[in-house]
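# Chains, contacts and geometry: an overview
Each chain is listed here by its residues.
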Amino acid sequence: MVFSLGNDFRSVPINQLISVETLLQPLKINPDATINDVISLIVQEDNHPPLYFVLCHWWVKLFPTDGEYVSLFAMRSLPAIFGVLAIPFSYLLGKLAFRSTLAGQFSAAMMAMSPYGIYLAQEARHYTLGVIFVIASLCCLVIGIRFLNERRLIPLWLVLLWIIINSLGWLTHYFFSITLGAELLTLLVFLLYQIKIQKFYFNNWLRIFFVILGTLTTAAVWFLTVVPRDYGKGMINWLIHYVTGFLSFISPIVQLISGWIVMITLLPIESKSLIIILLSGLIMILFWVWLIPILNHVFKKAWQQPSLKLGLAVLTGFFAITNILFLFITYAMRLDITKAARYNFTYFPSVIALMGVALSILWQQNKIKNNFLQIKTGKQAVIIILLMGFLSSLTVGYNLGYRKYYLPDQLVKLIQKKSTEPVLIATSYRNLVQTGEMMGIARELKNASFTKNVSFYLIPDDSLTKLQKNLQGLLDKISFPVDVWAINTRDDFRENFNGKLQLQGCEENLENQTYINGYVYQHFQCPKPLPIKS
């Protein structure tokens, strides 16, 4: 949001007391900001490409402001619209891949109700735009391989369109390169297959080479001429894969498989009620025990249909290769990209298209044998799958699945309830992520009209000891009672940050502690005598 406005975080001081208004300064409308400012800020201070931010900068100008601040509706509506556009795009991918209108229709239906797709569309971020470009690039891949398979010359318009889509894709998110890598390896497999059966057509593969060269050239120009060498400033350190035992070793595989499941089904497994959690988990397990044999039978049948076989091979191969790349990055490069579900956007549309063709075949089956639910026809089975998708979409809509990472409104309610003295909210500062976490709290404080006696303190955190010393030094200078809320000052995965803060002259309030998404807190009550007036 900040960069889309053409603002930066330099107006928020580090290592000194600041007010709610100062912390929210970057969210104020900046009428003097230009597109060049947005791009420059992204390149210098963030680790994302600029395309979405540029589009968002234009988009928010179409909406009224929220006083001095940007409208949250404006910021959230753009990715929501891209999420809606993914529905007809999914129809196009399903129809092109399988030459079936019915496969396209069911692909669109699965995209419309996918809990993962809805989760991405709810975030005021760039992932739904990334999904659009993944779908578009996969459409080009399917068309291109069909031309290769039929030994027809790939048209130049497809070469040019494919290069443009690929370039815009990684200008939306750099992890789009995983999509491109999987497409490249899929093409390589198909090349080896054509050489083996002696159907190699040089002119066609020359045009594929131009697509690859064009995509790499645009990327090279961007990284060599625009991006500085220290790009990212360590902002992906949180992805480092620490293997401390068997569970941590296999967790990426479990997370990867879980990612596939929740693209299709997700019941309220994040409810506050244990009974609902257990019941939801049981229903999901039973659903997949019922569904997997049916899908296995359906895909075997699809392989026997010439009109479906090529599209099925392309999208299945792409899906498999993408997941292999995920595991390679996690285990070989020690960056666990499986821990962030949003990165699955790189292959998400292929899952939707494969489910679309499966449902299209199932819909036309008169009989289903050997299933414990005793469903007799394919149409009945499809209705059950779509009903599960609909319930899953409601789960995300009511924040019972894919729950929001940060719930600052709940933290502010807790602060209002427990603090009667002036409030000091302190956090350990590493990069602009922590500033954003505090801005969420500040905005909720402003909405609650609870800003008068609230200060923030962002502390550089070389170690827990230094953080504690810094905060203690500040408290020693304060001569009146204060409530300290230390937010996200613990990190068990960082060296020198195990343990909890201990503040002299303060008593930690451990009564009725509540878990709040995104904010691990310690509440200290620091009573002090009021200064004597002369």
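A brief report on the enclosed structure follows. (Residues numbered from 1 in each chain as written. Predicted model: local features only at pLDDT ≥ 70, side-chain atom pairs only at ≥ 80, totals over all residues. Heavy atoms only, no water.)

## Comments concerning the pattern of salt bridges
Throughout the structure, instances matching the rule amount to 7 salt bridges. For Glu45, the salt bridge is made with Arg10, and the minimal N-O distance between the two is 3.5 Å. Here Glu45, found in helix H2 (residues 35-45), pairs with Arg10, found in the segment before strand E1 (17-18); they are 35 residues apart in sequence, far enough to count as distant. We note a salt bridge from Lys28 to Glu68, for which the minimum N-O separation is 3.5 Å. (Salt bridge = Lys/Arg side-chain N within 4 Å of Asp/Glu carboxyl O. Helix = DSSP H or I, 4+ residues; strand = E, 2+ residues; numbered from the N terminus.)

## Some words on the packing of aromatic side chains
The relation between two aromatic rings is expressed through the spacing of the ring centres and the mutual angle of the planes. Throughout the structure, instances matching the rule amount to 24 aromatic pairs. Look at Phe3 and Phe9: their rings are 5.6 Å apart centre to centre, the planes differ by 80 degrees, and that puts the pair in the edge-to-face class. Assigned by exposure class, Phe3 and Phe9 land together as buried. Among the aromatic residues, those joined into a cluster by ring pairs are Tyr116, Tyr119, Phe348 and Tyr402. Just above the ring of Phe147 sits the side chain of Arg152; from NZ or CZ to the centre is 4.2 Å. (Phe/Tyr/Trp six-rings, centres within 6.5 Å; stacked < 30°, edge-to-face > 60°. Buried < 20%, exposed > 50% of the residue type's maximum accessible area, 1.4 Å probe, protein only. Lys NZ or Arg CZ within 6 Å of the ring centre and 35° of its normal.)

## Quick notes on empty space enclosed by the protein
Applying the stated criterion across every chain, the model contains 2 cavities of 30 Å³ or more. Volume-wise, the largest cavity comes out at about 90 Å³. What lines the largest cavity is Met1, Leu24, Leu27, Asp66, Tyr69, Val70, Leu72, Arg443, Lys446 and Asn447. Ranked by the residues each element gives to the lining of the largest cavity, the list is headed by helix H17 (residues 432-447), at 3 residues. Roughly 50 Å³ of internal volume is contained in the second largest cavity. Around the second largest cavity sit Phe82, Gly83, Ala86, Met111, Gly117, Leu120, Thr128, Val131 and Phe348, which together line it. (1 Å grid on protein atoms, 1.4 Å probe; cavity = no way out; pocket = protein on both sides within 12 Å on 5 of 7 lines; lining within 4 Å. Points joined across faces, edges and corners; volume = space filled by probe spheres on them.)

## Observations regarding the sheet that holds strand E2 (residues 423-429)
Taken in spatial order, the 6 strands make up an open sheet running E1-E3-E2-E4-E6-E5, and their pairing is mixed. In this open sheet, the two edge strands, each paired with only one partner strand, are E1 and strand E5 (507-508). Across 7 bridges, E2 lies against strand E3 (residues 454-460) in parallel orientation. Directly across from Tyr429, in E3, lies its bridge partner Pro460. Contacts from H17 reach E2, E3 and strand E4 (482-487) within the one sheet, and its direction differs from that of E2 by about 160 degrees. (Pairing = 2+ DSSP bridges. Contact = heavy atoms within 4.5 Å. Axes fitted to C-alpha atoms, helices over the stretch in contact; angles between N-to-C directions.)

## With respect to the state of the cysteines
All told, the structure shown has 1 disulfide when counted by the stated rule. What pairs with Cys506 in a disulfide is Cys526, and their sulfur atoms sit 2.1 Å apart. Given an S-S torsion of about 110 degrees, the disulfide between Cys506 and Cys526 has right-handed geometry. You can see Cys506 sitting in the loop between E4 and E5 and its partner Cys526 sitting in strand E6 (residues 521-526), a full 20 residues away along the chain. Since its relative accessible area comes to 18%, Cys506 is described here as buried. Not engaged in a disulfide, the cysteine Cys139 finds its nearest cysteine sulfur in Cys140; these two sulfurs lie 7.0 Å apart. Classification of Cys139 as buried rests on a relative accessible area of 5%. (Disulfide = S-S within 2.5 Å.)

## Observations regarding the side chain of Thr186
Inspection of the secondary structure puts Thr186 in helix H9 (residues 176-196). On the basis of relative accessible area, Thr186 is assigned to the buried category, the value being 7%. Discounting residues that sit within four places of it in the chain, Thr186 has contacts with Ile145, Val314, Gly317, Phe318 and Ile321.

## Looking at the pairing of E6
Of all 6 residues that make up E6, 5 are buried, and the element is covered over most of its length. In this sheet, E6 lies alongside E4 in antiparallel orientation, the contact comprising 6 bridges. Across the sheet, residue Trp485 finds its bridge partner in E6, namely His523. Pairing analysis gives 2 bridges linking E5 to E6, with the strands arranged antiparallel. The residue bridging Glu508 from the neighbouring strand is Phe524, located in E6.

By themselves, these are just geometric observations and shouldn't be taken as functional.
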